[in-house]
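# Notes for the structure review
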Amino acid sequence: RTRWSYSDAGTPTMSAKAWIATVSVCGFVTAALAGIKFVQISQAMALMESFPPAYETVTVASAEADEWQPTRLLSGTVQSPEYLVISAETPGRIVELPYQSGETVPAGAEVLVLFDDDVEAQRDALQADLSLVETQLSRNLTLEADSLVSQDQLDILKARKLSLSAQIAVLEARLSRMTVRAPFAGTMGIYTQRAGDLMRFGEVLTTLTGLTPSRWIDFKVPQGLANIVVGDTVEIRDVNGFFAGPAKVIAVSTAYAQGTRTYDVRAELEAPALKHGSLVQVAVDTGPLENLMSVPKRSVRWDAQGPHVFVVEEAEADAFLPHRASIRRVNVRGESRDKLFVSGEIVPGERVANKGAFKLEDNLFVSIQARSTDQ
């Protein structure tokens with residue numbers, strides 16, 4: 001039982017032994033709880049230490065010393081030096097279409113024949129009249145020596161001859177427009193007209209494209225971009241960016257266009273695969289050649305501070321993995337179809353993260369994955 005004593009004021013007080021016992025029990029309970037919690041925390045920390053550190057798996061590529069030429073891509077149009085639009089110079093009904101769409105036409109062959117029998121009949125009639133006048137004129141010239149014919153009759157016959165010759169020439173010109181001949185060997189385009197159809201004046205039948213492999217590339221250069229002269233070489237690419245070949249500049253305009261402040265340039269190359277009228281890309285040099293480094297496009301990442309790459313370096317001797325990622329700042333100067341040209345904090349030969357670089361951060365462990373043959 002607890003023994004109570006009374007103070008001078010008459011209130012009861014706990015003895016010293018009771019206080020000591022209470023404090024001892026509280027201290028024991030507190031120590032026990034602290035010990036249990038310490039064991040739990042120690043076990044949790046041991047469990048966390050048993051887990052491997054964070055890492056990412058990437059492929060690597062080598063930074064290579066490379067050369068880059070500052071260029072600008074301009075739009076160009078392909079022109080065939082031998083290209084003809086076949087159309088009717090005079091109205092008429094189609095009598096013959098000797099060649100089908102897509103066939104090869106030799107030079108000088110007829111490609112469009114319109115009805116011309118009435119014109120030929122008129123010409124034949126005039127030629128008959130001309131033959132009669134020439135015969136009469138020949139006789140009168142013989143009689144002129146004996147003064148058996150007047151000068152007026154001779155003048156009339158001569159004028160009549162000139163008039164008939166002129167009329168025949170007009171009909172010959174009309175006949176020449178009724179038949180269209182190929183001025184060069186080429187390939188017929190696609191047409192929908194058939195024999196018997198009526199052609200209107202100026203109506204287009206089809207096109208004729210020459211067989212020469214040469215192609216002209218016409219493009220416009222903005223003022224101040226580059227100074228191109230005859231004899232320079234530009235690089236031609238198709239609309240998908242694939243290299244088509246180098247083209248030599250053969251003509252440069254001497255004046256700027258008023259509205260666009262550009263000047264016209266024509267280059268020539270042999271590229272039979274490029275079709276007349278197609279759109280191409282023209283790479284024009286705009287600066288001197290630079291010595292840089294090239295890395296795969298997906299190796300370069302961007303953040304708030306700009307472009308960077310992750311260089312894969314050797315980790316410390318007792319590290320979980322043998323490699324770590326080290327961030328390096330770079331400056332992107334240009335690009336090609338599959339790589340970027342950079343300068344900055346990397347040197348040729350260093351390994352940079354390639355596939356999977358977007359997952360990395362500075363000083364992160366890296367596991368290098370071997371690249372398959374199709375990568």
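Residues numbered from 1 in each chain as written. Predicted model: local features only at pLDDT ≥ 70, side-chain atom pairs only at ≥ 80, totals over all residues. Heavy atoms only, no water.

### Comments concerning the overall build of the chain
Tallying secondary structure elements over the chain gives three helices and 26 strands in all. Computed over the C-alpha atoms, the radius of gyration of the chain is 48 Å, more than 25% above the 21 Å expected from 2.2 N^0.38 for a compact globule of 375 residues. Based on the C-alpha atoms only, the size of the chain along its principal axes is roughly 190 × 45 × 45 Å. Residue burial in the chain is summarised as follows: out of 375 residues, 31% are buried. (Helix = DSSP H or I, 4+ residues; strand = E, 2+ residues; numbered from the N terminus. Rg over C-alpha atoms; globule rule 2.2 N^0.38 Å. Buried < 20%, exposed > 50% of the residue type's maximum accessible area, 1.4 Å probe, protein only.)

### A short note on the side chain of threonine 90
Structurally, the position occupied by threonine 90 is in the loop between β7 (83-87) and β8 (92-96). In this view, threonine 90 contacts Leu114, Arg177, Met178 and Phe201; residues no more than four positions away in its chain are not counted. (Contact = heavy atoms within 4.5 Å.)

### Regarding the sheet that holds strand β11 (residues 179-181)
Overall, antiparallel pairing links the four strands, which are arranged β11-β10-β8-β13 in an open sheet. Every interior strand has two partners, whereas the edge strands, β11 and β13 (198-199), have only one. Taken together, the two bridges between β8 and β13 define a ladder with antiparallel strand orientation. Following the sheet pairing, glycine 92 is matched in β13 by methionine 199. (Pairing = 2+ DSSP bridges.)

### Points about the pattern of salt bridges
As enumerated under the stated definition, the model contains 15 salt bridges in all. Close ionic contact of arginine 266 with aspartate 218 constitutes a salt bridge, the shortest N to O distance being 2.7 Å. Placement of arginine 266 in strand β18 (residues 262-270) and of aspartate 218 in strand β15 (residues 214-222) is noted, with a sequence separation of 48 residues between them. A residue is classified by how much of its surface remains accessible, and arginine 266, at 27% relative accessible area, is partly exposed. Overall, aspartate 218 belongs to the partly exposed group, its relative accessible area being 22%. Bridged by salt links that share partners, the residues Arg123, Asp124 and Glu172 form one connected network. (Salt bridge = Lys/Arg side-chain N within 4 Å of Asp/Glu carboxyl O.)

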